[in-house]
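Understanding the architecture of this molecule
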Amino acid sequence: MSTKKDKFSTQDKNFMKLALNLANARRGLTGNNPSVGCVIVKNNRIISIGQTGYNGRPHAEHNAILNCSENLKDSKMYVTLEPCNHYGKTPPCTKNIIKNKIGEVYYSMDDIDLKVKGKSYSILRKNNIRVKKGLLKKDAENLYRSYSFNRKKKLPYVIGKIAVSKNKIIYSEISKRITDKTSDKLTHYLRLKSDGIMISGKTLNIDNPKLNCRLEGFKNTIIFHNSNDKSKIKLLKKRGTILIKQSTDKYKNLDLKKILKDLYKMEIRNLLVEGGDILTKNFLQKRLFNEFYMFRSSKNLSKNKKHVNFTSFSILNTKYNKHKINSKLATDKLTIYKN
């Protein structure tokens with residue numbers, strides 16, 4: 001069954017939903033390349049699936065074709081993003097599709113990469129392959145929000161995260177634990193999907209956080225600084241730390257936009273910021289967060305000794321769109337803010 005509005009059948013949509021789920025499962029784990037999902041169907045039966053490989057290669061279409069043990073002639077391919085059509089470190093996916101005589105290709109949206117955008121449609125059509133695009137396009141646009149931002153702005157997609165107690169405290173010397181186990185697991189998931197984690201020097205010295213991901217670890221430590229302390233610099237370099245010196249403004253703050261540009265050049269595409277109140281406020285005021293996760297605990301923290309309040313509620317509520325997430329699995333409340 002299909003409708004006059006989109007001309008895609010319910011079955012088409014279901015196959016593409018599976019492809020989108022495959023892509024989403026590997027989102028944030030494919031390096032510079034977007035995470036793509038691919039489903040191959042013949043006689044209304046799925047005969048193969050594929051995802052973009054870890055670190056970006058091989059591509060999903062290549063993996064789906066390679067995984068298939070059946071004859072691909074006259075099959076249908078459902079892929080979340082326009083197949084690549086140029087030679088890079090791997091041959092074009094369009095060439096592989098043509099070679100295997102796949103009969104129809106459905107994809108959700110054009111690739112934003114100008115080397116690819118819109119060209120695959122013509123290439124495949126010229127080789128007598130039926131092509132339809134736009135299937136579940138809005139879902140794909142949401143999936144590739146960070147990828148599109150990366151390519152347009154040449155900046156990392158930045159997600160902020162902070163945990164706040166019921167009485168608006170983010171740090172207490174007496175009781176450091178704020179959120180419940182469910183929130184902690186989500187934090188580790190956000191870390192898994194990120195290429196790097198940013199904190200301030202103050203947070204590092206006070207909390208000494210592990211900043212590890214229990215699902216997968218990070219490799220390098222990068223410090224942006226404006227120090228002339230040669231002994232500290234020598235010690236940090238000896239420990240394998242990457243040091244990048246930058247100038248500061250009159251308030252002794254580093255230029256966050258320049259830092260983000262430098263991180264993009266270092267192939268950081270998805271960045272998680274877990275700063276304290278000052279770093280978080282600077283990001284919020286400059287509207288550098290694409291998304292911001294606030295975990296609000298149901299408990300109060302002590303104010304009897306040293307503590308830090310969260311002071312950016314008004315910025316969040318005036319400059320960002322908020323979406324409350326309800327869950328019966330946790331005692332914390334999660335609100336996601338989007339720029």
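As a reminder, the structure under discussion sits directly above these lines.
The sections below set out a description of the structure shown in this document. Note that the structure is a prediction, hence the values are computed from the model and not measured.

Time to look at the overall build of the chain. Helix and strand counts for the chain come out as 12 helices and 15 strands. Dimensions of the chain along its principal axes, counting C-alpha atoms only, are 70 × 50 × 35 Å. The buried share of the chain, reckoned over its 339 residues, is 47%. Restricting to contacts in the chain with at least 6 residues of sequence separation, those with at least 24 account for 69%.

By secondary structure assignment, the location of Ser172 is in strand β7 (residues 169-172). Once you skip the residues sitting within four places of it in the chain, Ser172 turns out to touch Leu301, Ser302, Lys306 and His307.

With that out of the way, let us pick up the packing of aromatic side chains. Aromatic ring pairs are described here by two measures, namely the spacing of the ring centres and the angle between the planes. The tally for this structure, following the rule as stated, stands at 9 aromatic pairs. Centroid distance Phe289 to Phe292: 5.2 Å. Interplanar angle 50 degrees. Geometry classified as tilted. For Phe289, a relative accessible area of 1% puts it in the buried group. Feature note: the residues Phe8, Phe15, Tyr78 and Tyr106 constitute an aromatic cluster, connected by ring pairs. Above the ring of Tyr121, the side-chain terminus of Lys133 is found at 5.4 Å from the ring centroid. Geometry around Tyr320 places Arg287 over its ring, the cationic atom sitting 5.8 Å from the centre.

Taken as a whole, helix α10 (residues 256-265) has its buried residues at Leu256, Ile259, Leu260, Asp262, Leu263 and Tyr264. Positive phi shows up at Glu267, right after α10, with a value of about 70 degrees.

Turning next to the sheet that holds strand β4 (residues 104-109). Strand order in this open sheet of 5 strands is β2-β1-β3-β4-β5, and the pairing throughout is mixed. Lying at the two open borders of the sheet, with one neighbouring strand each, are β2 (45-51) and β5 (130-133). For this sheet, the mean angle separating the axes of adjacent strands, direction not counted, is 15 degrees. Inspection of the sheet shows strand β3 (residues 76-81) paired to β4 by 5 bridges, in the parallel sense. Residue Val79 lies in a different strand from β4, and its bridge partner there is Tyr107.

On the surface, Lys117, Lys152, Lys153, Lys257, Lys261 and Lys265 cluster together to form a positively charged patch. Mapped by element, the contributors of at least two residues to the positive patch are α6 (145-153) and α10. Examining the composition of the positive patch, we find that 3 residues originate from one element, α10, more than from any other. Positionally, Lys261 belongs in helix α10.

With that settled, the discussion passes to helix α9 (residues 230-238). Across the 9 residues of α9, 0 count as buried, placing the element largely on the outside. Following α9 by one or two positions, Gly240 has its phi on the positive side, about 90 degrees.

Moving on: the sheet that holds strand β14 (residues 321-325). Read across the sheet, 6 strands follow the order β8-β11-β6-β12-β15-β14 without closing on themselves; strand pairing throughout is mixed. The open sheet is flanked by β8 (196-198) and β14, the only strands paired with a single partner. Across the sheet, the mean angle from the axis of one strand to that of its neighbour is 20 degrees, orientation sign disregarded. In the sheet, strand β6 (residues 157-164) pairs with strand β11 (residues 270-273) via 4 bridges, with the strands oriented parallel. If you follow Val158 over to β11, its bridge partner there is Leu271. Across the face of the sheet, helix α7 (residues 181-192) comes into contact with β6, β8, β11, β12 (291-296) and β15 (333-338) while running at roughly 160 degrees to β12.

The next subject is the side chain of Thr280. Looking at the element boundaries, Thr280 is found in helix α11 (residues 277-285). For Thr280, a relative accessible area of 1% gives the class buried. Engagement of the side chain of Thr280 in a polar contact is seen with the backbone oxygen of Gly276, the distance being 2.7 Å. If we ignore the near neighbours within four places in the chain, the residues touching Thr280 are Ile162, Gly275, Phe289, Phe292 and Phe310.

Moving on to the pattern of salt bridges. Inspection of the entire model under this criterion finds 8 salt bridges. Of the charged contacts, one joins Glu104 and Arg130 as a salt bridge, the two residues approaching to 3.6 Å between their closest N and O atoms. With a gap of 26 residues between them, Glu104 in strand β4 and Arg130 in strand β5 connect regions that are remote in the sequence. The exposure class assigned to Glu104 is buried, which follows from its relative accessible area of 15%.

This part covers the pairing of β2. When strand β1 (residues 37-42) meets β2, the two strands line up antiparallel, connected through 6 bridges. Residue pairing across strands places Cys38 opposite Gly50, the latter belonging to β2. Between β1 and β2, which pair antiparallel one after the other, the connecting turn spans 2 residues, and Asn43 there sits at a positive phi close to 55 degrees.

So, how was this worked out
Residues numbered from 1 in each chain as written. Predicted model: local features only at pLDDT ≥ 70, side-chain atom pairs only at ≥ 80, totals over all residues. Heavy atoms only, no water. Helix = DSSP H or I, 4+ residues; strand = E, 2+ residues; numbered from the N terminus. Buried < 20%, exposed > 50% of the residue type's maximum accessible area, 1.4 Å probe, protein only. Contact = heavy atoms within 4.5 Å. Phe/Tyr/Trp six-rings, centres within 6.5 Å; stacked < 30°, edge-to-face > 60°. Lys NZ or Arg CZ within 6 Å of the ring centre and 35° of its normal. Pairing = 2+ DSSP bridges. Axes fitted to C-alpha atoms, helices over the stretch in contact; angles between N-to-C directions. Patch = residues over 30% accessible without salt bridge, like charges linked within 9 Å, V, L, I, M, F, W, Y side chains within 5 Å. Areas by Shrake-Rupley, 256 points an atom, 1.4 Å probe, with all protein chains shown as cover. Salt bridge = Lys/Arg side-chain N within 4 Å of Asp/Glu carboxyl O. Lys, Arg positive; Asp, Glu negative; His and termini not counted. Charge placed at Lys NZ, Arg CZ, Asp CG, Glu CD. Polar contact = N/O pair within 3.5 Å; in protein donor to acceptor, adjacent residues only side chain to side chain.

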